[in-house]
Amino acid sequence: MAADLDRYLRAAGQALQNKDLMLASRIAAEAEDAGHRDHRLLTLAVHHHIKANDFLRALVSGQRAYEAGPDSPDALGAYAFSLVASSRAADALPLFDRALAKTPNSAPLIFNRGFALECLGELKAARGEYKRALALDPNNAETMGRAAYLAAQQGDLKEARVLGARALRLNPTNVSAAAVEALAEIGDGEYDKVERRLKPFAESSNYDAQSRIMAYGIIGDAFHEAGDTDAAFNAYRMKSAIA
């Protein structure tokens, strides 16, 4: 059993060295299925399950990670992230705080804490966390995209467009940054561009449910503003079907 665990740890570690988080998390999920309860692997397994939109399994893995490594910042963060994915963002915040007390300059932890605050509707506080994460990791497209989207939501369109454009240059598939561009297009009356921009995100299973819901919602808003009520209703229906 110990030799088998070591094999999984080495394989996942090699994948992480190659910057292949998807492979590392899949290996970790396989290790969990094989009965291993190492907090390092369970932390990675959480990401695998969330990517697959299996939030119940993510929560189980997160709790197991926490039980196996209660003092590990990574395990605390993974458990907290699984709670956010399960619509329990308020329960996640104390865990993020405990993890950040141990590693206060962890940009991923700060970002995820910001996302929890965003889920709770605390947009000003969430935006502050995204800015703090960007100060530590200034070229992170995901953080930049979320910061841009919240800036747009709060009416700061200048900052939103600057951050959104930077995020898209770093990663053209960043859905939050694409959403910012789409919101700007609605503001400019360029409604026909919105569906073309966001439809690939809305229809692809490669994106998480929240991203697809956001994309369909903005598409619906564009059709509504353009006066096409049938198309708007259809977009909102697709949004509701995912939710």
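Residues numbered from 1 in each chain as written. Predicted model: local features only at pLDDT ≥ 70, side-chain atom pairs only at ≥ 80, totals over all residues. Heavy atoms only, no water.

## Things to note about the overall build of the chain
And then number 1: Looking only at helices and strands, the chain features 14 helices and zero strands.
And then number 2: Counting helices and strands in the order they occur from the N terminus, the chain gives α-α-α-α-α-α-α-α-α-α-α-α-α-α.
And then number 3: Taking 18 Å as the expected radius of gyration for a compact globule of 243 residues, we find that the chain reaches 19 Å, a close match to that expectation.
And then number 4: The buried share of the chain, taken over its 243 residues, is 45%.
And then number 5: Of the roughly 12200 Å² that the chain leaves accessible, carbon and sulfur atoms contribute 51%.
And then number 6: Distance between charge centres in the chain, computed from 29 positive and 32 negative side chains, equals 3 Å. (Helix = DSSP H or I, 4+ residues; strand = E, 2+ residues; numbered from the N terminus. Rg over C-alpha atoms; globule rule 2.2 N^0.38 Å. Buried < 20%, exposed > 50% of the residue type's maximum accessible area, 1.4 Å probe, protein only. Areas by Shrake-Rupley, 256 points an atom, 1.4 Å probe, with all protein chains shown as cover. Lys, Arg positive; Asp, Glu negative; His and termini not counted. Charge placed at Lys NZ, Arg CZ, Asp CG, Glu CD.)

## Re helix α6 (residues 89-102)
And then number 1: The terminal C-alpha atoms of α6 lie 20 Å apart, and with 14 residues this matches the ideal 20 Å at 1.5 Å per residue to within 8%.
And then number 2: Here α6 has its buried residues at Ala 89, Ala 92, Leu 93, Leu 95, Phe 96, Ala 99 and Leu 100.
And then number 3: Where α6 is buried, its residues meet α4 (55-68), α5 (73-85), α7 (107-119) and α8 (123-136). (Expected span 1.5 Å × (residues − 1). Contact = heavy atoms within 4.5 Å.)

## Focus on helix α10 (residues 157-170)
And then number 1: The terminal C-alpha atoms of α10, which comprises 14 residues, lie 20 Å apart, in line with the 20 Å expected from a rise of 1.5 Å per residue.
And then number 2: Of the residues making up α10, those classed as buried are Ala 160, Leu 163, Gly 164, Ala 167 and Leu 168. The arc enclosing the buried residues of α10, seen along the axis, measures out at 135°, which places them on a common side. Residues Lys 158 and Arg 169 are exposed on α10 and point more than 90 degrees away from its buried face. (Arc of directions from axis to C-beta.)

## Side note on the pattern of salt bridges
And then number 1: Following the criterion strictly, the structure yields 19 salt bridges and no others.
And then number 2: A salt bridge links Asp 4 to Arg 7; the shortest N-O distance between them is 2.7 Å. Of this pair, Asp 4 and Arg 7 both sit in helix α1 (residues 2-17), separated by three residues, roughly a single helical turn.
And then number 3: Relative accessible area serves as the criterion here: at 42%, Arg 7 is assigned to the partly exposed category.
And then number 4: A salt bridge links Glu 203 to Lys 199, with the shortest nitrogen-to-oxygen separation between them at 3.9 Å. On the criterion of helical spacing, the pair formed by Glu 203 and Lys 199 is a turn pair, its members being four residues apart in helix α12 (residues 191-203).
And then number 5: Each of the salt bridges in this network shares a partner with another, and the network as a whole consists of Asp 97, Arg 113, Glu 129 and Arg 132. (Salt bridge = Lys/Arg side-chain N within 4 Å of Asp/Glu carboxyl O.)

## Regarding the nonpolar core
And then number 1: Val 84, Phe 96, Tyr 149, Val 194, Leu 198, Ile 218 and Ile 219 are the most contacted members of the largest nonpolar core, which totals 54 residues.
And then number 2: When residues no more than four places from it in sequence are discounted, the contact partners of Leu 198 are Ala 178, Ala 179, Ala 182, Ala 215, Ile 218 and Ile 219.
And then number 3: Counting residues in hydrophobic clusters, the runner-up holds 11 residues, among them Tyr 8, Ile 27, Ala 29 and Ala 45. (Core = buried A, V, L, I, M, F, W, Y, C linked by side-chain atoms within 4.5 Å.)

## Quick notes on unusual backbone geometry
And then number 1: In this structure, Asn 53 is a non-glycine residue whose phi angle is positive, near 60°.
And then number 2: By secondary structure assignment, the location of Asn 53 is in the loop between α3 (39-51) and α4.
And then number 3: A positive phi angle, near 65°, is found at Ser 87, a position not held by glycine.

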